[in-house]
Amino acid sequence: MSRKKIKLNILGLSYSQTQSGAYALVLAEEDGERRIPIIIGGVEAQSIAIKLEGLEPPRPLTHDLFLNFSKSFHIEIIEVVVYKLEEGIFYSELVCRHGNEQLHIDSRTSDAVALALRFGCPIYTYEDIIEKAGIVLDFDKKEEEGPVSSNEPGESSSSATPYKTKTIAELKDMLQAAIQAEDYETASKIRDEINRREKK
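Residues numbered from 1 in each chain as written. Predicted model: local features only at pLDDT ≥ 70, side-chain atom pairs only at ≥ 80, totals over all residues. Heavy atoms only, no water.

Caption draft 1: Quick look at the state of the cysteines. Under the criterion given, the structure shown has zero disulfides. Here Cys96 is not cross-linked by a disulfide; its sulfur's nearest cysteine counterpart is in Cys121, at 8.6 Å. (Disulfide = S-S within 2.5 Å.)

As structure tokens, then:
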């Protein structure tokens, strides 16, 4: 019996208050209201955030290196599939094409999403997974403070920061300086503050 495939889009990324040093990635079904919150590591979160913001780091990050390496050998990732949820852990695979051959490579979901952004390929899951893990979020005015991003409530990136007294222009200059210094954690925080203000 075939499983029903659901296309996912990246809805948001924010700091996780439930796990120190972790971030929450929210994937949303394209034709529905359900969202899948996934806790991911800081390195993968920064790699995803940089691509979402269209920023160009001075040197290639690991996922950029993977892209360059794959293209050099004519390997394309044609889709990413979140295919299993077991004991709170999401399992994903990269569906790759090399000539006439199709390969399935196991991957952490955070890496798979970072690569999907770079290869410009779609992300899918199955109905049974989104039925089990999906939640419906009500994005009203209060949610503009920061995306809900984990199974635990109260996730927000709008708490007091040293950037509140800076102008948007100053923040943008600081963002570029942080990227040039390859301080992606600081760049991510500055980006969140800019996004929060621009939503107002």
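Back to the text.
Caption draft 2: Here's a closer look at the pattern of salt bridges. Here the structure, examined in full by the defined rule, presents 13 salt bridges. With a closest N to O distance of 3.6 Å, Glu198 and Lys172 form a salt bridge. With Glu198 in helix α6 (residues 184-199) and Lys172 in helix α5 (residues 168-180), the pair connects residues that are 26 residues apart, well separated along the chain. Assessed through its relative accessible area of 48%, Glu198 is described here as partly exposed. It is possible to trace a salt-bridge network through shared partners that takes in Glu29, Arg34, Glu127 and Glu131. (Salt bridge = Lys/Arg side-chain N within 4 Å of Asp/Glu carboxyl O. Helix = DSSP H or I, 4+ residues; strand = E, 2+ residues; numbered from the N terminus. Buried < 20%, exposed > 50% of the residue type's maximum accessible area, 1.4 Å probe, protein only.)

Caption draft 3: Structural view of the packing of helix α1 (residues 42-52) against helix α3 (residues 109-119). Contact geometry of α1 with α3 gives a least axis separation of 9 Å together with a crossing angle of 20°. On the basis of their axis angle, the class for α1 and α3 is roughly parallel. The handedness of the crossing between α1 and α3 comes out as left-handed. Residue-level contacts link Glu44, Ser47, Ile48, Lys51 and Leu52 of α1 to Ser110, Asp111, Val113, Ala114, Leu117 and Arg118 of α3. Partitioned by chemical class, the residues of the contact of α1 with α3 number five nonpolar, two polar and four charged. (Axes fitted to C-alpha atoms, helices over the stretch in contact; angles between N-to-C directions. Parallel < 35°, antiparallel > 145°, perpendicular 65-115°, else oblique. Left-handed = near helix turned anticlockwise from the far one by under 90°. Contact = heavy atoms within 4.5 Å. Nonpolar A, V, L, I, M, F, W, Y, C, P; charged D, E, K, R; others polar.)

Caption draft 4: Representation of the sheet that holds strand β8 (residues 135-136) within the structure. In space, the eight strands of this open sheet follow the order β6-β5-β4-β7-β1-β2-β3-β8, with mixed pairing throughout. Taken across any chain shown, the strands that pair with only one partner, and hence form the sheet edges, are β6 (101-108) and β8. The pairing of strand β5 (residues 89-98) with β6 spans eight bridges and is classified as antiparallel. For Ser92, the partnering residue across the bridge sits in β6 and is Ser107. (Pairing = 2+ DSSP bridges.)

Caption draft 5: Structural detail: the side chain of Ser92. Relative to the assigned elements, Ser92 resides in strand β5. One polar contact links Ser92 to Thr109, side chain to side chain, over a distance of 2.7 Å. (Polar contact = N/O pair within 3.5 Å; in protein donor to acceptor, adjacent residues only side chain to side chain.)

Caption draft 6: Summary view of α1. The element α1 is largely enclosed, with a buried count of eight among its eleven residues. Where α1 is concerned, the buried positions are Gly42, Glu44, Ala45, Gln46, Ser47, Ile48, Ala49 and Ile50. Of the residues one or two after α1, Gly54 is the one with positive phi, at around 70°.

Caption draft 7: Representation of the side chain of Glu79 within the structure. When you line up the elements, Glu79 lands in strand β4 (residues 75-86). Glu79 gets classed as buried once you look at its relative accessible area, which sits at 16%. Here Glu79 is in contact with Lys5, Glu93, Leu94, Val95, Cys121, Pro122 and Tyr124, once residues within four sequence places are set aside.

Caption draft 8: Molecular detail of the packing of helix α2 (residues 62-72) against α3. Interhelical geometry of α2 versus α3 gives an angle of 55° and a closest axis separation of 10 Å. Between α2 and α3, the crossing angle belongs to the class labelled oblique. Judged by the sense of rotation from one axis to the other, the crossing of α2 with α3 is right-handed. Taking contact as the criterion, the partners of His63, Asp64, Phe66, Leu67, Ser70 and Lys71 in α2 are, on α3, Asp111, Ala114, Leu115, Arg118 and Phe119. In the contact of α2 with α3, the residues fall into five nonpolar, two polar and four charged.

Caption draft 9: Local environment of the nonpolar core. Membership of the largest hydrophobic core comes to 32 residues, with the highest contact counts inside it found for Ile40, Ile77, Val80 and Phe90. Contributions of two or more residues to this core are made by β1 (5-15), β2 (22-29), β3 (34-41), α1, β4, β5, α3 and α4 (127-133). Of all the elements, α3 adds the most residues to this core, at six residues. Aside from chain neighbours lying at most four places away, what touches Val80 is Glu93, Leu94, Ala112, Ala116, Cys121, Pro122, Ile123 and Tyr124. Residues Ile50, Ala178, Ile179 and Ile194 belong to the second largest nonpolar core, which totals eleven residues. (Core = buried A, V, L, I, M, F, W, Y, C linked by side-chain atoms within 4.5 Å.)

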